[in-house]
Amino acid sequence: MPGPSAGAGCGPWRGGRGRRWSEQLGPIAAGVCPDPADAPRRAALVASQILRMALARHVLRIAPAAAMPREEVIAWLAPTIQRHLTAERP
(Lines give C-alpha, C1' and ligand atoms only; values in the text may rest on other atoms or scores of the structure.)
Protein backbone atom coordinates (compact mmCIF):
# COMPACT_ATOMS: atom_id res chain seq x y z
CA MET A 1 0.00 0.00 0.00
CA PRO A 2 1.42 3.42 -0.90
CA GLY A 3 2.45 5.82 1.84
CA PRO A 4 0.49 8.88 2.86
CA SER A 5 0.00 11.59 0.29
CA ALA A 6 1.48 15.05 0.53
CA GLY A 7 -1.56 16.22 2.55
CA ALA A 8 -0.79 16.60 6.25
CA GLY A 9 -2.21 13.80 8.34
CA CYS A 10 -4.00 12.03 5.50
CA GLY A 11 -2.65 8.51 6.03
CA PRO A 12 -6.13 6.95 6.40
CA TRP A 13 -6.94 8.02 2.83
CA ARG A 14 -4.19 5.96 1.22
CA GLY A 15 -4.41 4.28 -2.15
CA GLY A 16 -6.79 4.30 -5.10
CA ARG A 17 -9.43 6.97 -5.40
CA GLY A 18 -9.10 7.81 -1.70
CA ARG A 19 -5.63 9.11 -2.42
CA ARG A 20 -7.00 11.65 -4.88
CA TRP A 21 -9.48 12.87 -2.26
CA SER A 22 -6.72 13.13 0.35
CA GLU A 23 -4.53 15.15 -2.00
CA GLN A 24 -7.38 17.58 -2.64
CA LEU A 25 -9.19 17.79 0.70
CA GLY A 26 -6.48 16.91 3.20
CA PRO A 27 -4.41 20.08 2.86
CA ILE A 28 -7.54 22.25 2.83
CA ALA A 29 -8.88 20.63 5.99
CA ALA A 30 -5.49 20.80 7.72
CA GLY A 31 -5.22 24.49 6.85
CA VAL A 32 -8.58 25.60 8.21
CA CYS A 33 -9.66 23.22 10.96
CA PRO A 34 -9.04 24.17 14.60
CA ASP A 35 -6.85 21.07 15.17
CA PRO A 36 -4.85 19.91 12.13
CA ALA A 37 -4.70 16.41 13.63
CA ASP A 38 -8.46 16.29 13.00
CA ALA A 39 -8.00 16.99 9.27
CA PRO A 40 -8.53 13.41 8.03
CA ARG A 41 -11.83 13.10 9.93
CA ARG A 42 -13.03 16.47 8.69
CA ALA A 43 -11.97 15.73 5.11
CA ALA A 44 -13.96 12.48 5.29
CA LEU A 45 -17.05 14.38 6.43
CA VAL A 46 -16.67 16.85 3.55
CA ALA A 47 -16.16 14.03 1.06
CA SER A 48 -19.29 12.29 2.32
CA GLN A 49 -21.38 15.41 1.68
CA ILE A 50 -20.00 15.95 -1.82
CA LEU A 51 -20.24 12.29 -2.82
CA ARG A 52 -23.79 11.92 -1.52
CA MET A 53 -24.96 14.87 -3.58
CA ALA A 54 -23.10 13.60 -6.64
CA LEU A 55 -24.75 10.20 -6.17
CA ALA A 56 -28.21 11.77 -5.80
CA ARG A 57 -27.80 14.08 -8.81
CA HIS A 58 -25.82 12.03 -11.31
CA VAL A 59 -26.23 8.34 -10.49
CA LEU A 60 -29.65 7.98 -8.86
CA ARG A 61 -30.95 11.07 -10.67
CA ILE A 62 -33.28 12.01 -7.84
CA ALA A 63 -35.39 14.65 -9.58
CA PRO A 64 -35.23 17.52 -7.06
CA ALA A 65 -31.47 17.12 -6.63
CA ALA A 66 -30.81 16.62 -10.35
CA ALA A 67 -32.88 19.68 -11.28
CA MET A 68 -31.11 22.10 -8.93
CA PRO A 69 -28.79 24.58 -10.59
CA ARG A 70 -25.15 24.28 -9.55
CA GLU A 71 -25.30 27.58 -7.66
CA GLU A 72 -28.22 26.34 -5.57
CA VAL A 73 -26.42 23.10 -4.70
CA ILE A 74 -23.44 25.16 -3.56
CA ALA A 75 -25.67 27.46 -1.52
CA TRP A 76 -27.23 24.49 0.27
CA LEU A 77 -24.04 22.50 0.87
CA ALA A 78 -21.52 25.27 1.58
CA PRO A 79 -22.63 25.99 5.17
CA THR A 80 -22.51 22.28 6.04
CA ILE A 81 -19.08 21.83 4.47
CA GLN A 82 -17.80 24.95 6.22
CA ARG A 83 -19.08 23.62 9.56
CA HIS A 84 -17.37 20.27 8.98
CA LEU A 85 -14.09 22.08 8.32
CA THR A 86 -14.11 24.87 10.89
CA ALA A 87 -16.49 24.15 13.78
CA GLU A 88 -15.31 22.96 17.16
CA ARG A 89 -15.66 19.21 17.69
CA PRO A 90 -19.04 18.13 19.05
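Quantities reported herein were computed from a predicted structural model and do not represent experimental measurements.

(A) The overall build of the chain, seen in detail. When its secondary structure is counted, the chain shows four helices and zero strands. Ordering the α and β elements of the chain from the N terminus gives α-α-α-α. Residues counted as buried form 33% of the 90 residues belonging to the chain. Considering only residue pairs separated by 6 or more positions, the chain has 49% of its internal contacts joining residues 24 or more positions apart. By element, 60% of the accessible surface of the chain is carried by carbon and sulfur atoms, the whole surface being about 6000 Å².

(B) Region of the structure containing the environment of Pro27. Inspection of the secondary structure assignment puts Pro27 in helix H1 (residues 16-32). For Pro27, a relative accessible area of 39% corresponds to the partly exposed category. Distance from Pro27 to Pro40, taken between C-alpha atoms, is 9.4 Å for residues 13 residues apart in sequence.

(C) Looking closely at the pattern of salt bridges. Counted according to the given criterion, the structure contains three salt bridges. Taking the shortest distance from any N to any O, the salt bridge between Asp38 and Arg42 comes out at 3.5 Å. The same class applies to Asp38 and to Arg42, which are both buried. Among the salt bridges present, the one from Arg89 reaches Asp38, with a minimum N-O distance of 3.7 Å.

(D) Up close: the side chain of His84. One can find His84 in helix H4 (residues 70-86). Setting aside chain neighbours within four positions, we find His84 in contact with Arg42, Leu45, Val46 and Gln49.

(E) Up close: a nonpolar patch on the surface. Among the surface-exposed residues, Leu55, Val59, Leu60 and Ile62 lie close enough to one another that they form a single nonpolar patch of about 370 Å² accessible area. Judged by relative accessible area, Ile62 falls into the partly exposed class, the value being 41%.

The rules behind each value
Residues numbered from 1 in each chain as written. Predicted model: local features only at pLDDT ≥ 70, side-chain atom pairs only at ≥ 80, totals over all residues. Heavy atoms only, no water. Helix = DSSP H or I, 4+ residues; strand = E, 2+ residues; numbered from the N terminus. Buried < 20%, exposed > 50% of the residue type's maximum accessible area, 1.4 Å probe, protein only. Contact = heavy atoms within 4.5 Å. Areas by Shrake-Rupley, 256 points an atom, 1.4 Å probe, with all protein chains shown as cover. Salt bridge = Lys/Arg side-chain N within 4 Å of Asp/Glu carboxyl O. Patch = residues over 30% accessible without salt bridge, like charges linked within 9 Å, V, L, I, M, F, W, Y side chains within 5 Å.

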